[in-house]
Amino acid sequence: MKGGPLSPNQRQRLRGYLEQRPLLGPETVHIDITNACNLDCVTCWNYAPGLEVPKSDTWKMQRMDAATFHRILGEIAGTGSERIIISGGGEPFMHSQIYEFIAAVKASGLILTVISNGTLCDFERLAELGIDQMLINMSSASAATYVDYHQNQSEDTFERLTEGVASVRGRIGINLVQVINALNAHELVAMVELAARLGTRASFKLGDTPPGTGVCALNDAQRQTLLDIAVPEATKRAKQLEVSHNLEAFTEHVARTTRKEIDKPPLPCFAGYLYSRVFVDGRVFFCCEHIEVGCINNTDFGMLWLGEPYNIVRQRLHEGRGYPGCARCGKHDMNFNAVRQYAQLKAQKLQQ
């Protein structure tokens, strides 16, 4: 959800939040199609080299079959959803049928975003298929930092990736996702400049540090430097270069998580009205925190969306009772924007 006038569907979903019951299907449904990955990002919950509890080979081999994907795509469209996100516990382009899935989403009339590391995809083919947006995990602004973050890659990978992104400039909306931690926090301004050079948006988020990856965690001094120096400088540079970004939301997230409010949602949570996630094995999660609310293997998605398990989680969050992962909310930007949209809706209602 972006700023500006509210669409009818945005109003309907926000009214659902106000009434504490969904009046329309989620704006976005996120579908994981495979757990396999070709990279080893240093703070990945699934593939980081230093994880204390690595994922099993069985888990890494999980993939969604085509029949399941096509069935749930139809069910999701039937709820009034508008966007599909294709990604995975790993890299979606490790799935042999991903281009078929992309074509099916576009044929359904839904907006499509693919979250990827960008190293395996055919950018030209994606442009021809009409993909709307890609979120590419870059987490760097230089080849050297790219290798620090993706330790099984070479600097050539960074060069090929940036060339691929540049080749579809103006044809695919690409958002370079910069997962910020101690390895790359010094490159914020350079990340904005990279986005300008490639013609993309720059999106910043705080990096997780799962057990075994704590060496990458930002310390208090580094967080304060981000707030006091790096973010203001990056914001100024983005304005100069006319680069779209989320630095305001990123600043708010850094400030709130620094206060370590572990179990309290950092913002009002709109996930139960705007977003849902279907895992590779069919389980449905309320958000990126993997709060399970059902399984599409034995129930229609629309029925799950309106079902009691979903409503229990919605109500808990309406009461301000969060979950352990709320402090590192994976949907922070969505909630940040929705808070503003919700305030706009309430202001308009008062004027009527």
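Residues numbered from 1 in each chain as written. Predicted model: local features only at pLDDT ≥ 70, side-chain atom pairs only at ≥ 80, totals over all residues. Heavy atoms only, no water.

Novice: What's the story with the pairing of strand S3 (residues 111-116) in this structure? I'm lost.
Specialist: Within a regular beta strand, the side chains point alternately toward one face of the sheet and then the other, so they alternate between its two faces. Judged from the four bridges that link them, strand S2 (residues 83-87) and S3 form a sheet pairing that is parallel. Its bridge partner lying in S3, Ile 86 is registered against Val 114. What joins S2 to S3 is helix H4 (residues 98-107), and the crossover it makes is right-handed. Sheet topology note: the S3/strand S4 (residues 133-137) ladder contains four bridges and is parallel. Pairing of Val 114 across the sheet is with Met 134, part of S4. For the handedness criterion, the β-α-β arrangement of S3, helix H5 (residues 123-129) and S4 is classed as right-handed. (Pairing = 2+ DSSP bridges. Helix = DSSP H or I, 4+ residues; strand = E, 2+ residues; numbered from the N terminus. Right-handed = clockwise from strand over helix to strand, strands pointing away.)

Novice: Please explain helix H7 (residues 155-167) as it appears in this structure.
Specialist: Helical geometry: 3.6 residues make up each α-helical turn, so side chains three or four residues apart lie on a common side. Look at H7: 19 Å from first C-alpha to last across 13 residues, which is about the 18 Å you get at 1.5 Å a residue. If you check which residues of H7 are buried, you get Thr 157, Phe 158, Leu 161, Thr 162, Gly 164 and Val 165. One side of H7 carries all its buried residues, which in axial view fall inside an arc of 160°. Exposed side of H7, more than 90 degrees from the buried face: Asp 156, Arg 160 and Glu 163 are the residues found there. Residues of H7 that are buried make contact with H5, S4, helix H6 (143-149), strand S5 (173-180) and helix H8 (188-198). (Expected span 1.5 Å × (residues − 1). Buried < 20%, exposed > 50% of the residue type's maximum accessible area, 1.4 Å probe, protein only. Arc of directions from axis to C-beta. Contact = heavy atoms within 4.5 Å.)

Novice: Help me understand the packing of helix H3 (residues 66-78) against H4 in this model?
Specialist: With their axes 11 Å apart at the nearest point, H3 and H4 run at an angle of 15° to one another. Classified by the interaxial angle, the pair formed by H3 and H4 is roughly parallel. Between H3 and H4 the crossing geometry is right-handed. Judged by residue contacts, Ala 66, Phe 69, His 70 and Leu 73 of H3 engage Glu 100, Phe 101, Ala 104 and Val 105 from H4. Residues that form the contact of H3 with H4 fall into these classes: six nonpolar, one polar and one charged. (Axes fitted to C-alpha atoms, helices over the stretch in contact; angles between N-to-C directions. Parallel < 35°, antiparallel > 145°, perpendicular 65-115°, else oblique. Left-handed = near helix turned anticlockwise from the far one by under 90°. Nonpolar A, V, L, I, M, F, W, Y, C, P; charged D, E, K, R; others polar.)

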